[in-house]
Every structure is written in C-alpha cells, then in structure tokens.
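Okay, here's what each chain looks like letter by letter:
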Amino acid sequence: MMKIAFSPCPNDTFVFHAWVHGLVPGAPKLDVTYADIDITNSLAARAGGPEVLKISYAALPWVLSEYALLPCGGALGRGCGPLVLTKSGTINTSDPAALSGKRVAVPSERSTAYLLFRLWAAQQVPGGVGEIIVMPFHEIMPAVRDGKIDAGLVIHEARFTYPSYGLNLLTDLGSWWEADTGLPIPLGAIIAHRSLDLAAITGWTRASVEYAWAHPEASREYVLCHAQELAPEVAQAHIDLYVNKFTANLGDDGYAAVIALLSRAAEEGLVPEVDLAALR
C-alpha cells in the first residue's frame, strides 16, 4: 500500500482515477488523502509525509532534499493561470496599483498562485498590497463577494465560475507570466520520496494519465463525486484546461518554466535557491 495525497479537483482525480481503482498493471494499491493544496504543501514539508504528493511548484524548494519531481502527472499549461478578482464597483480593475494596501486572500502561502502574485505585485503595485489572508480556495470568492476581503487570488475552476459571484477580473497572472517569459505556467507538481523506485512511480503515473485519456468516461463518476459542487460541464472544462501534454511529460518547455519560476523567485528572496540539476 502506497500513501498518496492530492486534491479533490477534477484534474487530479481524472489523472489518478485509473491507479486508484487498480487499473494500472503492476502498480501498488493506494491509500489516498484528498486535501486542499495548502495541506498537501504542508504534508510534504513534514517528516513521515505520504510517499507521493501533488504540491505547488512554489513549495518545491523546501522539499527537494527528500522528494524528487516527477516528469508527469502535474499541472502546467497556457491560458490556465491564477486570477486576481475583486467585487464589482469596489476597486478600479484597470489600475493594478489600486490594490496598494488592500486585504487579499490567497489559497496558500507556498502556492504557485501566490508566488506569481508576489512577482507580479512587485512590478505592478507600488508600496505593495496590505494584509494577506490564507484560506481554502473554495472560500475565497464568497469572501470577496461578501466584502470580507478586498480581493482574492483564485485557482482551478474559479476561472469558469467567478462571474456568477458578481466578481470582476483585475488581472490574469497566467497571461502576465506568458507575456513576460513566453513559457507555460508551472502550477502543480507531482513528487515522490527519493527512497522509492522513481522510474516505476513515473511509469505508473503516466499509465494512469494515458488510461484517463483513452477512457474519458470511466472516471466521470469518481471525478464528480469529489468535485466541489461542480456541474459536469465545468468539471470537464477544468480537465480539458489542466490535463494536457505537460501532464504526460514535462519536456524541455516544462522544465524551463519551472526553472524560470524558481530562479526568479529566489532572486527576489521569496524561496530558497534550488540546485537546478536536482529538478530532473
């Protein structure tokens, strides 16, 4: 039995459905923990954490001594970055500097979304934002709508559903990153403990991805069971966006994106410096 932790989001359940349900030949049974990304980031940083986890790429620098980055199973892409949202009529959405001194909710202090936000804010928000509040990502949009916070940094399916909360887009951090670097956005990484057979785990993960693509209907019930009150069409849009060629293989562009993110962040003092050779 192998312990694994990933989110209940449609892209993760779609990717791991086959392995969880014993459909990957030779793969061990899984003991699954379904948890928000803030929790999985914390689990990876503790002694005795699960053998395999989905974490934020932003959390990698703190765990690379114990865990290796797998070249598949994660979330990178284009047109799929985090969004900064505000309540209609409260902040001038044409002026990012309007966030100066404001209270902003984020899904995790070690999330890629927050790291991108900090890199963007350093360029765009003179004097910086005000208080940063960490909360589970599914609570952020209601908090912005209800005026509990001034702006929210959102991920996942929020890009499809935020208009229904009466919210406005201040900036798309993915578009900013892609325009600035020309690279895809590295969001979520799959890591495995270095003491394990990493080649085998990579093979089982990739086989699970390939099964999901070959049998897209097989995982539907499992995906919807764990999705956070999502309509089937929203769950499918989520999968279509976040499960892509980089999920099957990071490739040169994927590694370049990860290196660019962590190198920039280290230069700004936001994360520890990483031995880039340890990423492969």
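Model, not experiment: these values are computed from the prediction.

### Overview of the packing of aromatic side chains
And then number 1: Counted by the stated rule, this structure contains 7 aromatic pairs.
And then number 2: Note on Phe 6 and Phe 16: the rings are 4.8 Å apart at their centroids and 15° apart in plane angle, and the pair reads as stacked. Note that Phe 6 is positioned in strand S1 (residues 2-6) and Phe 16 in helix H1 (residues 10-20), a separation of 10 residues in sequence.
And then number 3: Accessibility expressed as a relative area gives 1% for Phe 16, which makes it buried.
And then number 4: Here the aromatic residues Phe 6, Phe 16, Trp 19, Tyr 34, Trp 204 and Tyr 222 are joined through ring pairs into a cluster of three or more.
And then number 5: One residue, Arg 110, lies across the ring of Trp 62, its end atom 3.9 Å from the ring centre.

### A closer look at the nonpolar core
And then number 1: Ranked by size, the top nonpolar core spans 60 residues in total, and within it Ile 55, Tyr 57, Leu 60, Leu 99, Phe 117 and Trp 120 carry the most contacts.
And then number 2: Each of domain 1 (2-77 + 184-279) and domain 2 (83-181) contributes no fewer than three residues to this core.
And then number 3: Filtering out sequence-adjacent residues up to four positions away, Leu 99 remains in contact with Val 84, Ile 91, Val 104, Phe 117, Trp 120, Val 125, Val 129, Gly 130, Ala 151 and Leu 170.
And then number 4: With 29 residues, the next largest nonpolar core counts Phe 16, Ala 27, Leu 70 and Trp 204 among its residues.

### What to know about the packing of helix H3 (residues 112-124) against helix H6 (residues 173-181)
And then number 1: Packing of H3 against H6 leaves a shortest axis separation of 10 Å and a crossing angle of 70°. By the angle between their axes, H3 is roughly perpendicular relative to H6. Considering how the two elements wind past one another, H3 and H6 form a crossing that is left-handed. On H6, the residues that touch Ala 113, Leu 116, Phe 117, Leu 119, Trp 120, Gln 123 and Gln 124 of H3 are Leu 173, Trp 176, Trp 177 and Asp 180.
And then number 2: Looking at the contact of H3 with H6 residue by residue, the class counts come to 8 nonpolar, 2 polar and 1 charged.

### Let's talk about the UniProt feature "binding site: substrate" (unreviewed entry) in the chain
And then number 1: Under the UniProt annotation, "binding site: substrate" (unreviewed entry) lies at Lys 54, Ile 55, Ser 56, Thr 112 and Ala 113. The subset of these annotated residues that lines the largest cavity comprises Lys 54, Ser 56, Thr 112 and Ala 113.
And then number 2: With respect to the helices and strands, Lys 54 occurs in strand S3 (residues 52-56).
And then number 3: Once residues within four sequence positions are removed from consideration, Lys 54 is found in contact with Ala 5, Phe 6, Asn 11, Asp 12, Ile 37, Thr 40, Ala 75, Gly 188, Ala 189 and Ile 190.
And then number 4: Structurally, Ile 55 is set in strand S3.
And then number 5: Given a relative accessible area of 0%, Ile 55 falls into the buried group.
And then number 6: Here Ile 55 is in contact with Ile 37, Thr 40, Asn 41, Ala 44, Leu 60, Val 63, Leu 187, Gly 188, Ala 189 and Ile 191, once residues within four sequence places are set aside.

### A closer look at helix H9 (residues 232-242)
And then number 1: Within H9, the full set of buried residues consists of Val 234, Ala 235, His 238, Ile 239, Leu 241 and Tyr 242. The buried residues of H9 occupy one face: seen down the axis, they fall within an arc of 170°. Residues Glu 233 and Asp 240 are exposed on H9 and point more than 90 degrees away from its buried face.
And then number 2: Elements in contact with the buried residues of H9: H1, strand S5 (75-77), helix H5 (158-161), strand S11 (185-193), helix H8 (220-226) and helix H10 (245-248).

### Overview of the pairing of S1
And then number 1: Taking burial as the measure, the 5 residues of S1 include 4 buried ones, the bulk of the element.
And then number 2: Where S1 meets strand S2 (residues 30-34), 5 bridges bridge the pair, whose relative direction is parallel. Counterpart to Ala 5 in the pairing with S2 is Thr 33.
And then number 3: For the crossover from S1 across H1 to S2, the handedness is right-handed.
And then number 4: Two elements, S1 and S3, share 2 bridges in a ladder whose sense is parallel. Residue Ile 4 lies in a different strand from S3, and its bridge partner there is Val 52.

### Remarks on the pattern of salt bridges
And then number 1: Taken as a whole, this structure holds 8 salt bridges when the rule is applied.
And then number 2: The partner of Arg 264 in a salt bridge is Asp 180, and the shortest N-O contact between them spans 2.7 Å. One end of the pair, Arg 264, is in helix H11 (residues 251-267); the other, Asp 180, is in helix H6, with 84 residues separating them in the sequence.
And then number 3: One salt bridge in this structure joins Glu 217 and Arg 220, with 2.9 Å as the shortest N-O distance.
And then number 4: Among the residues examined, Glu 217 registers a relative accessible area of 52% and is labelled exposed.

### Thoughts on the domain arrangement of the chain
And then number 1: Partitioning the chain into structural domains gives domain 1 (2-77 + 184-279) and domain 2 (83-181).
And then number 2: Centre-to-centre separation of domain 1 and domain 2, based on C-alpha positions: 24 Å.
And then number 3: Every contact between the two is made by 31 residues of domain 1 and, on the other side, 24 residues of domain 2.
And then number 4: For the pair domain 1 and domain 2, the two sides together bury roughly 2400 Å², of which 68% comes from carbon and sulfur.

The rules behind each value
Positions within a chain are numbered from 1, following the residues in the order the chain's sequence is written. Local features in a predicted model are, by the rule used here, given only for residues with pLDDT of at least 70; side-chain atom pairs are given and counted only at 80 or more, and totals for whole chains, interfaces and linings are based on all residues. To get the side-chain values, all heavy atoms of the structure are used, and hydrogens and water are removed first. In this analysis, rings of Phe, Tyr and Trp, with Trp reduced to its six-membered ring, are considered paired at centre separations within 6.5 Å, and the interplanar angle assigns stacked below 30 degrees, edge-to-face beyond 60, and tilted for intermediate values. Secondary structure is summarised from DSSP: a helix means a run of H or I of at least four residues, a strand means a run of E of at least two, and numbering begins at the N terminus for each. Buried residues are those whose accessible area, probed at 1.4 Å on protein chains only, stays under 20% of the maximum for their type, while exposed residues exceed 50% and partly exposed ones sit between those limits. We count a charge as sitting over a ring when the NZ of a lysine or the CZ of an arginine lies within 6 Å of the ring centre and within 35 degrees of the ring normal. Side-chain atoms within 4.5 Å link the members of a nonpolar core, which is a set of buried Ala, Val, Leu, Ile, Met, Phe, Trp, Tyr and Cys residues. For the purposes of this description, domain bounds are those given by an automatic or database domain assignment. Contact between two residues is taken to exist if any of their heavy atoms lie within 4.5 Å; hydrogens are not considered. Convention adopted: a line fitted to C-alpha atoms gives each axis, helices being fitted over their contacting stretch, and angles between N-to-C directions are expressed from 0 to 180 degrees. In what follows, roughly perpendicular refers to angles from 65 to 115 degrees, roughly parallel to angles under 35, roughly antiparallel to angles over 145, and oblique to any angle outside these ranges. Take the far helix as the reference: if the near one is turned anticlockwise from it by less than a right angle, the crossing is left-handed, and if turned clockwise, right-handed. Under the scheme applied here, ten amino acids are nonpolar (Ala, Val, Leu, Ile, Met, Phe, Trp, Tyr, Cys and Pro), four are charged (Asp, Glu, Lys and Arg), and all others, including Gly, are polar. UniProt positions are given in the numbering used here, feature names are shortened, and annotations may be inferred rather than shown by experiment. Grid points spaced at 1 Å and placed over the protein atoms alone form the basis of the search, with a cavity being a set where a 1.4 Å probe fits but cannot get out and a pocket an open set showing protein on both sides within 12 Å along at least five of seven lines. Lining residues have an atom within 4 Å of a point. Note that the arc is computed from the directions linking the helix axis to the C-beta atoms. Strands are treated as partners if at least two bridges between them are detected by DSSP. The handedness of a crossover follows from its direction of travel: if, with the strands pointing away from the viewer, the path from the first strand over the helix to the second runs clockwise, the crossover is right-handed. Each reported salt bridge corresponds to a side-chain nitrogen of Lys or Arg within 4 Å of a carboxyl oxygen of Asp or Glu. Two parts placed together each lose some accessible area; with a 1.4 Å probe, that loss summed over both constitutes the buried area.

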